[in-house]
Amino acid sequence: MTQATQTQTTPGLAPTFTHLVSKEGGVKYPLKALHVCEETFSPLEVAYDYDAIRAQVSRETIEAGPNSIWRYKAFLPVNSENPIDVGTGMTPLVKSTRLARRLGLNNLYIKNDAVNMPTLSFKDRVVSVALTRAKELGFTTVSCASTGNLANSTAAIAAHAGLDCCVFIPSDLEAGKVLGTLIYNPTVMAVKGNYDQVNRLCCEVGNTYGWGFVNINLRPYYSEGSKTLGFEVAEQLGWKLPDHVVAPLASGSLYTKIYKGFQEFIKTGLVEDKAVRFSGAQAEGCSPIASAFKEGRDFVTPVKPNTIAKSIAIGNPADGYYALDIARKTNGNIESVTDAEIVEGIKLLAETEGIFTETAGGTTVAVLKKLVEAGKIDPDETTVVYITGNGLKTQEAVQEYIGQPLTIEPKLDSFERALERSRTLDRLDWQQVLV
Ligand SMILES: *Cc1c(COP(=O)(O)O)cnc(C)c1O
C-alpha cells in the first residue's frame, strides 16, 4: 500500500505519525479513514516514528505546552497547527487520603475525568483528537455510535468546530445523557436496541453516507486520544509511572491505550521503564471481558447487557482480546461488581473524596475495593484509579439511595427540631451501609 500524502503539516516539525498498521500481521495502510485490515480482519492502529518524537519533545517542552491534551501533540495523530482545543485534558490527579484510609491503601491517586472539558467525561479526549483528524481528512459531517458520553462529546465538540453532527444512541439512556446531547442541536437518533445493535447500524450507515464516525472509520485516530490519560498521570506523578492502575472497560479501548501511552513514554525516554499492573473494571450485568479473564479464555464471548452502568455496557467489546492480554501480561486482574456495589462505589467516592462520579466510576471504585479486599492490590503500591465520568449525568442510578433534604419552616425552632431528627436512626442506618 502507498502512504497517503500529508495535507497540512506543522511548520518546522516533521509529522510523527507515519501510517496505519494492522494489530495482527503488521499490514501497512495509508493514513485514511480506515479501521479494519482487509487481510487479517484485525483492527488498524496508528504507527509513529519514535525517533522523530524523541527529537521534538522533552519533559520541558511538554511542560511549556498548552494546558490540555495538546501538550502531547507529538504523540497524537494530527497535523493541524491549530487542533480543536476546547480545554480537554489536564484534569486533576488527586492524592487520596480518606478513601485510601477506608480501603487500607497508602498510595492511592484518583485521576478525575469527571471534570474533563467540555462535557465532563474522558470521551472529550478521544473526540478532540478524532474531530481534528476528521477535519484534516475532509469530513464535514461527523457521527458516532454511543453509550451516552460519546454522543455528548461528539455533539459539543462538533458544535465548537462547526461540523455537522448526527449521533446514534440506544433509546433507553439516562435523561442527563440525552439532554446533554440535544442541547448542542445535533441530529439525534435514539435506536430501539442496545449499544451493539446501534453499532451495527452505524457500520452500515458509515459505508453508505461517507460520514466520519469517530469510533468506527475514525477509530484508529479516536482511540489514540485515550493515551493522554496515561501521559498525564505519568507527568502528574513527577514523570514517573505508577505501580498499578484500575480503569473501566467497555470496548477495552481506553484501558489498552493507557498501556500504549506508558510504553511510548518509556520508548521516548520521558520516564524510566517500569512494570505497571493493569486491572480492569466491569459491571456484572455486562462483563464479557471479566468472565473471559476468570475462565482463562483469550477470546471474549458476547453478552446482552443488563446493568445501570450503561456507559460501559458493551456486550461485544472490540478490544476485549487486547485488554485480556494486557491484564495477564502485567499481572493485573479484571473484576466485575453488581449494580448494588456500583451504587455503593459512587457514594463511597462522594463521601470520602467529594467527587461525584457516574455509574462507570462507581464500577471502578467498587472493583478497586473488591481487589483490595481480595489482596490483589498491595497497600504500598502507587495505585491510580481512573474516574471517567460525572455523576450529574446518571442521577437515576442513585436517586433512591441518597435520602431527601429536611424540609423546614424559615424558623429557628423548625431547624432545631429537624436537626434533632437528622441525628436519629435514619441517618445513622444510612451511614452504616457504607462503613
Ligand atoms: C466510554 C466510557 C468508558 C470506556 O470506554 P472504552 O470503550 O473501554 O474505551 C469508560 N467510562 C466512561 C464514563 C465512558 O463513557
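Residues numbered from 1 in each chain as written. Predicted model: local features only at pLDDT ≥ 70, side-chain atom pairs only at ≥ 80, totals over all residues. Heavy atoms only, no water.

**So, the UniProt feature "modified residue: N6-(pyridoxal phosphate)lysine" (unreviewed entry) in the protein chain**
- Annotation from UniProt places "modified residue: N6-(pyridoxal phosphate)lysine" (unreviewed entry) at Lys123.
- Counting through the fold element by element, Lys123 comes out in helix 4 (residues 123–136). (UniProt positions renumbered as here; feature names shortened; annotations may be inferred. Helix = DSSP H or I, 4+ residues; strand = E, 2+ residues; numbered from the N terminus.)

**Here we look at the packing of helix 10 (residues 253–267) against helix 12 (residues 320–329)**
- In the contact formed by helix 10 and helix 12, the axes pass within 9 Å of each other and the chain directions differ by 50°. As judged from the angle between their axes, helix 10 and helix 12 are oblique. Remark: the crossing between helix 10 and helix 12 carries left-handed chirality. For the pair helix 10 and helix 12, contact is made by Tyr255, Thr256 and Tyr259 and by Tyr322, Ala323, Ile326, Ala327 and Lys329, respectively.
- Among the residues forming the contact of helix 10 with helix 12, the class breakdown is six nonpolar, one polar and one charged. (Axes fitted to C-alpha atoms, helices over the stretch in contact; angles between N-to-C directions. Parallel < 35°, antiparallel > 145°, perpendicular 65-115°, else oblique. Left-handed = near helix turned anticlockwise from the far one by under 90°. Contact = heavy atoms within 4.5 Å. Nonpolar A, V, L, I, M, F, W, Y, C, P; charged D, E, K, R; others polar.)

**Examining the site of the ligand**
- In the neighbourhood of the ligand, 16 residues make up the surrounding shell, with Lys123, Asn149, Ser251, Leu254 and Thr388 lying closest.
- A distance of 2.8 Å is found between an oxygen atom of the ligand and a side-chain nitrogen or oxygen belonging to Lys123.
- Note that an oxygen atom of the ligand is positioned 3.0 Å from one of the backbone N or O atoms of Gly252.
- Relative to its unbound accessible area of 390 Å², the ligand is 98% covered by the protein chains.
- Cavity membership is defined here by more than half of the atoms lying within 2 Å of grid points; on that basis the ligand lies in the largest cavity.
- The residue inventory of the shell around the ligand, partitioned by class, reads seven nonpolar, seven polar and two charged.
- Residue-level mapping places the shell around the ligand at the junction of two domains, with at least three residues from each of domain 1 (17–76 + 122–222) and domain 2 (93–119 + 224–399). (Near = heavy atom within 4 Å. Polar contact = N/O pair within 3.5 Å; in protein donor to acceptor, adjacent residues only side chain to side chain. Areas by Shrake-Rupley, 256 points an atom, 1.4 Å probe, with all protein chains shown as cover. 1 Å grid on protein atoms, 1.4 Å probe; cavity = no way out; pocket = protein on both sides within 12 Å on 5 of 7 lines; lining within 4 Å. Sits in = over half its atoms within 2 Å of the grid points. Domains from an automatic or database assignment.)

**Observations regarding the pattern of salt bridges**
- Considering all chains together, one arrives at 25 salt bridges under this definition.
- Of the charged contacts, one joins Lys257 and Glu45 as a salt bridge, the two residues approaching to 2.9 Å between their closest N and O atoms. Here Glu45 lies in strand 3 (residues 44–48) and Lys257 lies in helix 10, a separation of 212 residues in the sequence. For the pair formed by Lys257 and Glu45, the shared burial category is buried.
- Residues Glu232 and Lys111 are paired through a salt bridge, measuring 2.7 Å at the closest nitrogen-oxygen approach. Residue Glu232 is found in helix 9 (residues 227–236), and its partner Lys111 is found in strand 5 (residues 108–112); the two are separated by 121 residues along the sequence. (Salt bridge = Lys/Arg side-chain N within 4 Å of Asp/Glu carboxyl O. Buried < 20%, exposed > 50% of the residue type's maximum accessible area, 1.4 Å probe, protein only.)

**Details of the packing of aromatic side chains**
- Going through the model one piece at a time under the given rule, you end up with 14 aromatic pairs.
- Between Tyr255 and Phe278, the aromatic rings sit 5.7 Å apart at their centres with planes inclined by 90°, giving edge-to-face as the arrangement. Taken together, the residues span a long stretch of sequence, with Tyr255 in helix 10 and Phe278 in strand 11 (residues 277–283) at a distance of 23 residues. There is no split in this pair, since Tyr255 and Phe278 are both buried.
- One cation-aromatic arrangement involves Arg133 over Tyr221; the distance from NZ or CZ to the ring centre is 5.0 Å.
- Over the ring of Phe299 we find Arg297, and its NZ or CZ is 5.3 Å from the ring centre. (Phe/Tyr/Trp six-rings, centres within 6.5 Å; stacked < 30°, edge-to-face > 60°. Lys NZ or Arg CZ within 6 Å of the ring centre and 35° of its normal.)

**Brief notes about the pairing of strand 3**
- A large share of strand 3 lies buried, amounting to five of its five residues.
- Residues Leu44, Val46 and Tyr48 of strand 3 are buried on one face, and the alternating residues Glu45 and Ala47, pointing to the opposite face, are buried as well.
- Relative to strand 3, strand 1 (residues 17–22) runs antiparallel, the two being bridged by five bridges. The residue bridging Ser22 from the neighbouring strand is Leu44, located in strand 3. (Pairing = 2+ DSSP bridges.)

**Focus: the UniProt feature "domain: Tryptophan synthase beta chain-like PALP" (unreviewed entry) in the protein chain**
- UniProt's feature table lists "domain: Tryptophan synthase beta chain-like PALP" (unreviewed entry) at residues 87–389, given in the numbering used throughout.
- For residues 87–389, the helix share is 44%, the strand share is 16%, and the end-to-end C-alpha distance is 16 Å.

**Considerations on the sheet that holds strand 7 (residues 164–170)**
- Taken together, the four strands give an open sheet; going across it, the order is 8-7-6-9, and neighbouring strands pair in parallel fashion. Edge strands, defined here as strands with exactly one partner in the open sheet, are strand 8 (187–191) and strand 9 (212–213).
- Pairing of strand 6 (residues 141–145) with strand 9, which is carried by two bridges, proceeds in the parallel orientation. By the bridge assignment for strand 9, Val142 is matched with Gly212.

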